[in-house]
Amino acid sequence: MEDDRILERERYQMEQIRELESEELQVEEVDEESSDDETNYRSSGGASASGEFTYNTSLAALHSYLGDVEDTHNRLAFLDGGAVLNVPLFYLEGVVLFPEATLPLRVIQPNFIASIERALRQVDAPYTIGVIRVYKDPNNGRMKLATTGTTAEIRQYRHLEDGSVNVVTRGQQRFRLRRRWMDVEGSPCGEIQIVKEDLPLRTPREAVGRLTPLSIFRSNVHSQIPPINRSRADQYGFGNENDSDAMSEESFESELSPTERRLHQSALVSCDMLDESASSDDENIEQQFRIQPARSPFDSFRRSFSTGKNQEVDGVKLALGKRSMPTDNTWKKYSLNQFREAPRAFLPSWVYQMYDSYSLAQRAAGRWKQIVRAPSMDSYITKPDLLSFHIASKMPVSESTRQELLEIDGISYRLRREIELLESFDCVRCRSCETLIAKRSNMLVMSSEGPLGAYVNPHGYVHEIMTLFKANGLAVIGNPVKEYSWFPGYAWSIAECATCETQLGWLFTATKKKLKPRSFWGIRSSQVADDSR
C-alpha cells in the first residue's frame with residue numbers, strides 16, 4: 001500500500017513536469033531592484049505563506065532531466081567502521097559529497113563507464129563507488145586529491161544508446177583513501193578504509209564520571225568521597241535508568257532505540273539528583289536557615305558590610321568600607337532549589353554544553369531555521385550525527401570550506417564549526433575578484449533537499465549550486481534554453497561576473513506565466529570565495 005502511494009505521487013510529479021515542459025517559453029527581463037517577490041522570499045525562505053511561491057520544490061530533487069532510470073536492488077548495507085575494501089573511484093572537481101546527500105552523474109568517458117559497470121557487478125561492495133574531491137593547489141596550480149571522501153551507493157541508472165550512463169547515487173559513509181591505482185581497463189580504483197564515526201553523547205564521560213550529588217554535601221563528607229565508579233554510581237542513585245533526565249524531555253528518549261537509549265543514559269549524569277525524600281530534607285534545612293541565620297557565613301559577611309569595620313570570616317580578614325547590603329528579606333528570596341540547580345561538576349555547565357551533541361544539534365537546527373527558514377529540521381534534532389552531515393551538505397559556502405567539514409572527526413566538533421559558519425556567513429563573493437554577489441538574506445530554497453544541491457549537465461560536469469532570488473554584478477550571456485533544465489518549468493542562461501567575466505552560474509527564468517518565482521539565480525559553490533564573513 002505504501003509503495004502504491006509513492007508510485008502514485010511520482011506519477012503525479014512527472015505529469016507536472018511534462019505539463020511545464022509543454023508550456024511556451026515566456027522570458028521576462030530581470031529586475032535588479034527589490035520586488036514584491038523579494039519580500040515574500042525574505043519572510044519565508046522560498047515558501048511564501050501568501051501563495052506567491054507556486055513552484056513545487058520536490059520536482060528538482062527528482063533529477064528528471066536524466067530521463068527514465070532503473071532502480072537497483074540488493075544493495076550493500078552500511079559497513080563497520082575501520083573496514084577496508086577496494087572500490088572504483090570518481091574524481092570530481094568542485095563537488096564535496098556527504099553521507100545522505102544525492103549525487104547525479106552522467107558518465108561519458110570510457111574509463112568511468114567501465115567503473116560504473118564494475119560497481120554494478122562487484123560482489124564485495126555491490127553498487128558502491130568512492131567519490132573524492134579533486135582541486136587545484138593554490139601554490140603551484142597542480143591538481144590534487146583530497147584524502148577524505150564518501151562512498152556513494154548507486155540507487156538508479158540508465159544505459160543510453162550512445163554508450164553513456166546516467167546514474168543517481170546517494171552518499172553513504174566517509175572514508176580515508178589509503179592507496180589508488182588504474183586497473184587494466186583504465187578505471188581508477190582505490191583501497192579505502194571506512195571512518196568509524198563516534199556516537200552522539202549527552203556529555204563527555206571523562207568530564208562527568210566523578211560528579212558528586214548535592215545530597216552528599218549535606219552530610220559534610222564530600223571531601224572524603226573517592227571518584228565514583230559503577231558500584232558507587234548505583235549506591236548514590238546514578239545507576240537508575242529511570243532517573244535519567246537526558247535532555248529534560250521525556251519525548252527525547254522515546255525516540256531512541258533500546259541500544260541508543262542505554263548508550264545515552266550511560267553518558268548522562270542528572271542535574272537534579274535529589275528524590276522526593278531528599279526534597280523534604282531540603283525544606284527542613286531551608287527552615288533552619290531562616291530560624292538561625294547567624295549560623296550562615298553570609299550573615300557575618302553581611303554585618304561586615306553594614307558596620308564598615310574590618311571583620312574576620314573563617315579566619316580571613318576583610319577590609320570593608322560602608323556600603324549597602326541586601327536585607328534578610330532579600331536573602332530569603334533565594335531557596336535551596338537555586339543551589340540545587342547549580343552545576344556540581346569540575347567546570348560550569350556551559351563548558352560541557354560546548355561538547356554536548358544534543359545541545360549543539362538544537363543550536364545548529366535553530367540557526368539553520370533562522371537563516372534558511374525552510375525546510376524544517378525538527379526530524380533531525382534527536383539525530384545529531386545526521387544533522388551535522390545534512391547541514392554540511394546544504395550549507396551555501398565554498399567547496400573548500402565544505403571539504404573542511406567533511407574531514408572533521410567528531411559530531412560535536414563538526415556541529416560547533418557549522419554553528420560558527422552559520423553565525424558568520426553573510427556575503428557571497430566571487431572567488432576570482434571578491435566582487436559582492438549576494439547577501440545571506442538573498443538565499444532561496446528551490447529544491448526540497450535545501451538551498452544547495454548537485455546537478456549534472458549533458459557533458460558530464462557536476463555542479464553544486466546555491467540558489468538565490470537576487471544577485472548583483474552578474475551579466476547574462478545568450479538566450480534562455482529549455483532543454484536539460486535542472487528545474488522543470490525554467491529555462492537557463494549563463495551568468496558571468498561583470499567584473500572578471502568568470503562564469504559564476506546561471507539565470508533561471510520561468511516558462512509559465514503563473515509560475516513563481518519568475519526568475520532566480522544558481523551560483524556555483526566552486527566559484528564562491530572562501531571567506532564567508
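Residues numbered from 1 in each chain as written. Predicted model: local features only at pLDDT ≥ 70, side-chain atom pairs only at ≥ 80, totals over all residues. Heavy atoms only, no water.

As named in an unreviewed UniProt entry, the protein chain is Protein cereblon, taken from Solanum stoloniferum. Regarding the protein chain, the UniProt comment filed under Subunit (unreviewed entry) reads as follows: "Likely a component of a DCX (DDB1-CUL4-X-box) protein ligase complex. May interact with pic/DDB1." Per its UniProt entry, the protein chain bears the Pathway (unreviewed entry) comment "Protein modification; protein ubiquitination." (UniProt positions renumbered as here; feature names shortened; annotations may be inferred.)

Draft legend 1. Summary view of the overall build of the protein chain. On a plain count of helices and strands, the protein chain comes out with 17 helices and 18 strands. Counting the 533 residues in the protein chain, one finds 46% classified as buried. Within the protein chain, counting contacts between residues at least 6 apart in sequence, those at least 24 apart form 65% of the total. (Helix = DSSP H or I, 4+ residues; strand = E, 2+ residues; numbered from the N terminus. Buried < 20%, exposed > 50% of the residue type's maximum accessible area, 1.4 Å probe, protein only. Contact = heavy atoms within 4.5 Å.)

Draft legend 2. Empty space enclosed by the protein, seen in detail. Applying the stated criterion to the full structure yields five cavities of 30 Å³ or more. Of the pockets and cavities examined, the largest cavity occupies roughly 90 Å³. Broken down by secondary-structure element, the contributors of at least two residues to the lining of the largest cavity are β3 (102-107), α15 (384-394) and β13 (452-456). No other element matches β13, which puts three residues into the lining of the largest cavity. Classifying every residue of the lining of the largest cavity by side-chain character gives eight nonpolar, three polar and three charged. For the second largest cavity, the calculated volume is near 70 Å³. Residue lining of the second largest cavity: L76, A77, L79, T128, T151, E153, Q172 and Q173, and that is the complete set. Listing elements by their share of the lining of the second largest cavity, those giving two or more residues are β6 (148-159) and β7 (165-182). By residue class, the composition of the lining of the second largest cavity is three nonpolar, four polar and one charged. (1 Å grid on protein atoms, 1.4 Å probe; cavity = no way out; pocket = protein on both sides within 12 Å on 5 of 7 lines; lining within 4 Å. Points joined across faces, edges and corners; volume = space filled by probe spheres on them. Nonpolar A, V, L, I, M, F, W, Y, C, P; charged D, E, K, R; others polar.)

Draft legend 3. View of the sheet that holds strand β15 (residues 474-481). Pairing is antiparallel in the open sheet, where six strands are placed in the order β13-β14-β18-β17-β16-β15. Edge positions in the sheet fall to β13 and β15, since each has one partner strand and no second. Going across the sheet, the axis of each strand differs from the next one's by a mean of 35°, ignoring polarity. Summarising the sheet, strand β17 (residues 503-510) and strand β18 (residues 519-524) pair through five bridges and their orientation is antiparallel. When the sheet's bridge partners are listed, W506 is paired in β18 with G522. (Pairing = 2+ DSSP bridges. Axes fitted to C-alpha atoms, helices over the stretch in contact; angles between N-to-C directions.)

Draft legend 4. Summary view of unusual backbone geometry. Residue P517 is reached from K516 by a cis peptide bond, and omega for that bond is 5°. Mapped onto the fold, P517 is located in the loop between β17 and β18. Its identity is not glycine, yet E100 carries a phi of approximately 80°, on the positive side. As for its placement among the helices and strands, E100 is situated in the loop between β2 (84-93) and β3. Phi is positive for E501, close to 60°, though the residue is something other than glycine. Here E501 lies in the loop between β16 (490-497) and β17.

Draft legend 5. The arrangement of the packing of aromatic side chains in detail. A complete count under the given rule lists 12 aromatic pairs for this structure. Ring geometry for Y455 against W486: centres 5.4 Å apart, planes inclined by 20°, an arrangement best described as stacked. Of the two residues, Y455 is situated in strand β13 and W486 in the loop between β15 and β16; the sequence distance between them amounts to 31 residues. For W486, a relative accessible area of 5% puts it in the buried group. For the ring pair Y455 and F487, a centre distance of 5.4 Å and an interplane angle of 50° mean the geometry is tilted. With Y455 in strand β13 and F487 in the loop between β15 and β16, this residue pair connects regions lying 32 residues apart in the sequence. In this structure, Y455 and F487 share a single accessibility class: buried. Feature note: the residues Y55, Y455, W486, F487, Y490, W506, F508 and F520 constitute an aromatic cluster, connected by ring pairs. Above the ring of Y355, the side-chain terminus of R416 is found at 4.7 Å from the ring centroid. (Phe/Tyr/Trp six-rings, centres within 6.5 Å; stacked < 30°, edge-to-face > 60°. Lys NZ or Arg CZ within 6 Å of the ring centre and 35° of its normal.)

Draft legend 6. Spatial organisation of the environment of V445. Mapped onto the elements of the fold, V445 is located in the loop between β12 (436-439) and β13. Residue V445 is classed as buried on the basis of its relative accessible area, which comes to 7%. Counting along the chain gives 24 residues from V445 to F469, while the straight-line C-alpha distance between them is 9.0 Å.

Draft legend 7. Structural view of the packing of helix α14 (residues 357-371) against helix α17 (residues 411-424). The contact between α14 and α17 brings their axes to 9 Å, and the two run at 25°. The angle between α14 and α17 places the two elements in the roughly parallel class. For the crossing formed where α14 meets α17, the hand is left-handed. Contacts between α14 and α17 involve S357, L360, A361, R363, A364, R367, W368 and I371 on the former and, on the latter, I411, S412, L415, R416, I419, L422 and E423. Considered class by class, the residues forming the contact of α14 with α17 number nine nonpolar, two polar and four charged. (Parallel < 35°, antiparallel > 145°, perpendicular 65-115°, else oblique. Left-handed = near helix turned anticlockwise from the far one by under 90°.)

Draft legend 8. Highlighting the pairing of strand β4 (residues 128-136). With seven of its nine residues buried, β4 lies for the most part within the structure. Of the strand pairs in this sheet, β2 and β4 are connected by five bridges, and their pairing is parallel. Bridged to L89 within β4 is G130. Sheet analysis places β4 next to β6, joined by four bridges and oriented antiparallel. Bridging from a neighbouring strand, T128 pairs with E153 of β6. Looking at chain direction, β4 and strand β5 (residues 143-145) are connected through three bridges and run antiparallel. Within β5, the residue paired with Y135 across the bridge is K144.

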